[in-house]
Amino acid sequence: GAVWFPKSIYDLDICCRRVIMYGAGLDADHPGFKDDEYRKRRMMFADIALNYKQGDPIPRVEYTAKETATWKIIYRKLRELHQKHACAEYLENFELLEQHCGYSDSNVPQLEDISNFLKSNYIFFLTGITKYVFAVKTGFRLRPVAGYLSARDFLAGLAFRVFNCTQYVRHHADPFYTPEPDTVHELMGHMALFADPDFAQFSQEIGLASLGTSDEDLSKLATLYFFSIEFGLCCVGHDRITNKPKYKIYGAGLLSSAGELQHAIGEKSEIIRFDPDRVVQQECLITTFQNAYFYTKNFDEAQQKLRYVFWKM
Ligand SMILES: Cc1ccccc1-c1ccccc1CNc1cnc(-c2ccc(C[C@H](N)C(=O)O)cc2)cn1
Ligand SMILES: [Fe+3]
């Protein structure tokens, strides 16, 4: 029969609790695997997520000294790399997160504060003596998740402008790359761009296209999501002398990993134009750096190309 899909934001309580891999990265080779204290901490975060209901405030977490120390190391390294390599929209909105959501190197921000910020995103314009309050409501809201959802359940959230966010911090053993999403990835990778109206629209449209679709089309949409929202680059022009393309990063999986970010903009990585028919052929690597990355001119171009794909589905 036809595939069920959520019809209201409250239906997300059904699909966003179907975690398919607790601590996906907690395989035998994951540094957190042998650390009992870490595994116990992870179960506390899983409980918060499994008891969460749409509309609830997201419980605040008192992060430990070790988690905050890991955050500080990563925050300082990433902020240095972002100045040179993050796209303009990311950098602009990141400043708002620092001003309104407690982002700093000594504080792990709370998901509840960012969710409230995204729901009503006020940008103040100061011109002369008048101050304009300009409310940009991307309307995105967050909900805590215990680990991996299926691609279907995860993308369904985007259709309602709901982003499923992990709340635990990666193990301190390897701060610059972790094989599974963690709250550092969500906070330093995803949040800033969900404050951008074009990016929010682009994200929601992928989610809408996924509702009730076939497994084959769903897999294509998840791959398109993966190589744009998670690992996408944009080309901002060419070097005047060498005529080499200049790339900026918008993919959250790169913006949150100092290791993979430097790999992606390094000489050895393969960067291909974002054409959906080519993107869907690329394998998504879940626990290592990608074999290739895709670039688009801007979100608008990517959105137009994706709309073409949606109407063919
Ligand atoms: C394969 C799979 C399993 C479960 C749910 C969805 C999928 C699936 C299906 C099709 C396309 C992509 C996927 C997987 N999607 C994703 C999305 N994000 C990640 C991912 C993102 C960030 C990070 C952390 C980053 N490396 C860092 O160090 O900051 C680690 C993993 C990994 N996989
Ligand atoms: Fe992500």
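The model shown is predicted, which means the values in this text are computed figures rather than measured ones.

Procedures and definitions
Residues numbered from 1 in each chain as written. Chains lettered and ligands numbered in written order. Predicted model: local features only at pLDDT ≥ 70, side-chain atom pairs only at ≥ 80, totals over all residues. Heavy atoms only, no water. Near = heavy atom within 4 Å. Polar contact = N/O pair within 3.5 Å; in protein donor to acceptor, adjacent residues only side chain to side chain. Areas by Shrake-Rupley, 256 points an atom, 1.4 Å probe, with all protein chains shown as cover. Helix = DSSP H or I, 4+ residues; strand = E, 2+ residues; numbered from the N terminus. Nonpolar A, V, L, I, M, F, W, Y, C, P; charged D, E, K, R; others polar. Phe/Tyr/Trp six-rings, centres within 6.5 Å; stacked < 30°, edge-to-face > 60°. Lys NZ or Arg CZ within 6 Å of the ring centre and 35° of its normal. Axes fitted to C-alpha atoms, helices over the stretch in contact; angles between N-to-C directions. Parallel < 35°, antiparallel > 145°, perpendicular 65-115°, else oblique. Left-handed = near helix turned anticlockwise from the far one by under 90°. Contact = heavy atoms within 4.5 Å.

*Asks:* How do you make sense of the site of ligand 1 when you look at a structure like this?
*Replies:* Lining the immediate environment of ligand 1, one finds 19 residues, of which Tyr148, Leu149, Arg170, Thr178 and Ser256 sit closest. Side-chain polar atom of Arg170 to an oxygen atom of ligand 1: 2.8 Å apart, as the coordinates give it. For ligand 1, an oxygen atom lies 2.6 Å from a polar atom in the side chain of Ser256. Here ligand 1, which alone exposes 700 Å², has 85% of that area covered by the protein. With 3 residues, the top contributor of residues to the shell around ligand 1 is helix α9 (residues 215-230). The residue makeup of the shell around ligand 1, split by class, is 12 nonpolar, 4 polar and 3 charged.

*Asks:* For this particular structure, what's the right way to read the packing of aromatic side chains?
*Replies:* Any aromatic ring pair is given by two values, namely how distant the centres are and how the planes are angled relative to each other. What the rule picks out here adds up to 21 aromatic pairs. For the ring pair Trp71 and Tyr75, a centre distance of 5.5 Å and an interplane angle of 40° mean the geometry is tilted. Of this pair, Trp71 and Tyr75 both sit in helix α3 (residues 65-85), 4 residues apart, roughly one helical turn. Linked through ring pairs, Phe140, Phe154, Phe163, Phe194, Phe199, Phe202, Tyr225, Tyr250 and Phe299 together constitute an aromatic cluster. Lying across the ring of Phe5, Lys7 places its NZ or CZ 4.4 Å from the centre. The side chain of Arg42 reaches across the aromatic face of Tyr168, ending 3.5 Å from its centre.

*Asks:* Looking at this model, I keep getting lost on the packing of helix α8 (residues 197-210) against helix α13 (residues 299-312). Mind explaining?
*Replies:* Two quantities define a packed helix pair, namely the angle between the axes and the distance from one axis to the other. At a minimum axis separation of 10 Å, α8 and α13 run at an interaxial angle of 15°. Classified by the angle their axes make, α8 and α13 are roughly parallel. Crossing hand, α8 versus α13: left-handed. Each of Asp198, Phe199, Gln201, Phe202, Glu205, Ile206 and Ala209 in α8 lies in contact with α13, whose residues at this interface are Phe299, Ala302, Gln303, Leu306, Arg307 and Phe310.

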